[in-house]
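Below, each chain spelled out in residue letters.
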Amino acid sequence: MMGIGEWLWDRFLDISDATGLTGAFGEGTWFDNRAVRLKMGPAIDETLYMTFVSGAITVVLGLALGIALVSTGHRGLTRNQAVYQVLSAIVNVGRSMPFLILMIAIIPLTRLLVTDTTSWQAAVPLTIGAIPFYARLAETALDGVEQGKIEAALMLGASRIQITFGVLVREALPSLIQAATVTLVTLLGYSAMAASIGAGGLGALALQYGYQRYQNDVMILTVIVIVLIVGVIQVIG
């Protein structure tokens, strides 16, 4: 089944063929390059898949971890310094771990959880690496909610769950969305790095054809596509 990235790339190639752009730079290069014509579209889909699937899981689990950090922190409704210190240490370790080292370190866990395609396998380290990153951003956003609004909700008899989602998350929603946008852009970069351990996507295309086969046109087009994806993510976010 054709994904949206492959469909859009095919439509672009149709326009390129119709306008004469395909052969304008020489035979077998740029838009006439077989790697560009046959592999760029599927690579875009793989990158989008890795980025957005791992991004969705990261936002859910990272937000839960961020809420736990705020709830057990010095301003939280269920203050527990010991729990906060443990969670904070886990987040700090996760954020300080270089992604390439993390991918290699958890290869046994990745193979245990996923035995399907390389894209599925890449989603595991992407998610594990990004959760601490988003959790800290979520904690900062939630911690920025005015204490007076929380106290007003308590005076009105709101429960802890109502305060957490009706006050904290609701008031911090713009900042949480911005944090999710930053996280998605970071995951896009991580997905390109995942090509070094066999994952697919645009990173693999740039590595196999742009770097190893010295096809500079493939490398440049891959960079341009990644920049365009980042621009779309930032506009939406």
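In this text, all values refer to a predicted model and were calculated from it rather than measured experimentally.

What counts, and where the lines are drawn
- Residues numbered from 1 in each chain as written.
- Predicted model: local features only at pLDDT ≥ 70, side-chain atom pairs only at ≥ 80, totals over all residues.
- Heavy atoms only, no water.
- Helix = DSSP H or I, 4+ residues; strand = E, 2+ residues; numbered from the N terminus.
- Buried < 20%, exposed > 50% of the residue type's maximum accessible area, 1.4 Å probe, protein only.
- Contact = heavy atoms within 4.5 Å.
- Areas by Shrake-Rupley, 256 points an atom, 1.4 Å probe, with all protein chains shown as cover.
- Lys, Arg positive; Asp, Glu negative; His and termini not counted.
- Charge placed at Lys NZ, Arg CZ, Asp CG, Glu CD.
- Polar contact = N/O pair within 3.5 Å; in protein donor to acceptor, adjacent residues only side chain to side chain.
- Axes fitted to C-alpha atoms, helices over the stretch in contact; angles between N-to-C directions.
- Left-handed = near helix turned anticlockwise from the far one by under 90°.
- Nonpolar A, V, L, I, M, F, W, Y, C, P; charged D, E, K, R; others polar.
- Core = buried A, V, L, I, M, F, W, Y, C linked by side-chain atoms within 4.5 Å.
- Patch = residues over 30% accessible without salt bridge, like charges linked within 9 Å, V, L, I, M, F, W, Y side chains within 5 Å.
- Salt bridge = Lys/Arg side-chain N within 4 Å of Asp/Glu carboxyl O.
- Phe/Tyr/Trp six-rings, centres within 6.5 Å; stacked < 30°, edge-to-face > 60°.
- Lys NZ or Arg CZ within 6 Å of the ring centre and 35° of its normal.

Caption draft 1: Broad picture of the overall build of the chain. Of the regular secondary structure elements, the chain holds eleven helices and zero strands. Helices and strands appear in the chain in the N-to-C order α-α-α-α-α-α-α-α-α-α-α. Taken along its principal axes, the extent of the C-alpha atoms in the chain is 75 × 40 × 30 Å. Burial statistics for the chain: of 237 residues in total, 42% are counted as buried. In the chain, once contacts between residues fewer than 6 apart in sequence are set aside, the share between residues at least 24 apart is 70%. Summing over all exposed atoms, the chain offers an accessible surface of approximately 12,800 Å²; the carbon and sulfur share of this is 66%. Charge-centre separation for the chain: the mean point of 13 positive side chains lies 10 Å from the mean point of 15 negative side chains.

Caption draft 2: Local environment of the side chain of Arg 136. With respect to the helices and strands, the residue Arg 136 is situated in helix 6 (residues 118-143). Overall, the relative accessible area of 13% leaves Arg 136 in the buried class. A distance of 2.6 Å separates polar atoms of two side chains, one belonging to Arg 136 and the other to Glu 139. Excluding its chain neighbours within four sequence positions, the residues that come into contact with Arg 136 are Leu 69, Tyr 84, Ser 88, Val 91, Asn 92 and Arg 95.

Caption draft 3: Fine view of the packing of helix 2 (residues 34-72) against helix 11 (residues 216-236). Running from N to C, helix 2 and helix 11 cross one another at 35°; their axes reach a closest spacing of 11 Å. Handedness of the crossing formed by helix 2 with helix 11: right-handed. Between helix 2 and helix 11, the contacting residues are Ala 35, Val 36, Met 40, Ile 44, Leu 48 and Phe 52 on the first element and Val 218, Leu 221, Thr 222, Val 225, Ile 229 and Ile 233 on the second. The residue makeup of the contact of helix 2 with helix 11, split by class, is eleven nonpolar, one polar and no charged.

Caption draft 4: Geometry of the nonpolar core. Counting residues in hydrophobic clusters, the biggest one holds 20 residues, and the most contacted among them are Trp 9, Met 40, Ile 44, Leu 202, Val 225 and Ile 229. Looking at this core, the elements with two or more residues in it are helix 1 (4-19), helix 2, helix 9 (173-193), helix 10 (202-211) and helix 11. Residues within four places of Met 40 in sequence aside, it is in contact with Trp 9, Ala 35, Leu 202, Leu 205, Leu 221, Thr 222 and Val 225. In this structure, Leu 142, Val 145, Leu 176 and Ala 179 belong to the second largest nonpolar core, which totals 18 residues.

Caption draft 5: Examining the environment of Ser 175 more closely. Tracing the backbone shows Ser 175 in helix 9. C-alpha separation for the pair Ser 175 and Ile 161, spaced 14 residues apart in sequence, amounts to 20 Å.

Caption draft 6: How the structure looks around a nonpolar patch on the surface. Residues Met 2, Ile 4, Trp 7 and Leu 8 make up a contiguous nonpolar surface patch of about 430 Å² in total accessible area. Position of Leu 8 among the secondary structure elements: in helix 1.

Caption draft 7: Inspection of the packing of aromatic side chains at higher detail. Evaluation of the coordinates by the stated rule reveals three aromatic pairs. Note on Phe 99 and Tyr 190: the rings are 4.3 Å apart at their centroids and 5° apart in plane angle, and the pair reads as stacked. Of this pair, Phe 99 sits in helix 4 (residues 99-105) while Tyr 190 is found in helix 9, placing the two residues 91 residues apart along the sequence. Owing to a relative accessible area of 4%, Phe 99 belongs among the buried residues under this scheme. An aromatic cluster of three or more residues is present, and its members are Trp 9, Phe 12 and Phe 31. Cation over ring: Arg 213 sits above Tyr 209, and NZ or CZ is 4.3 Å from the ring centre.

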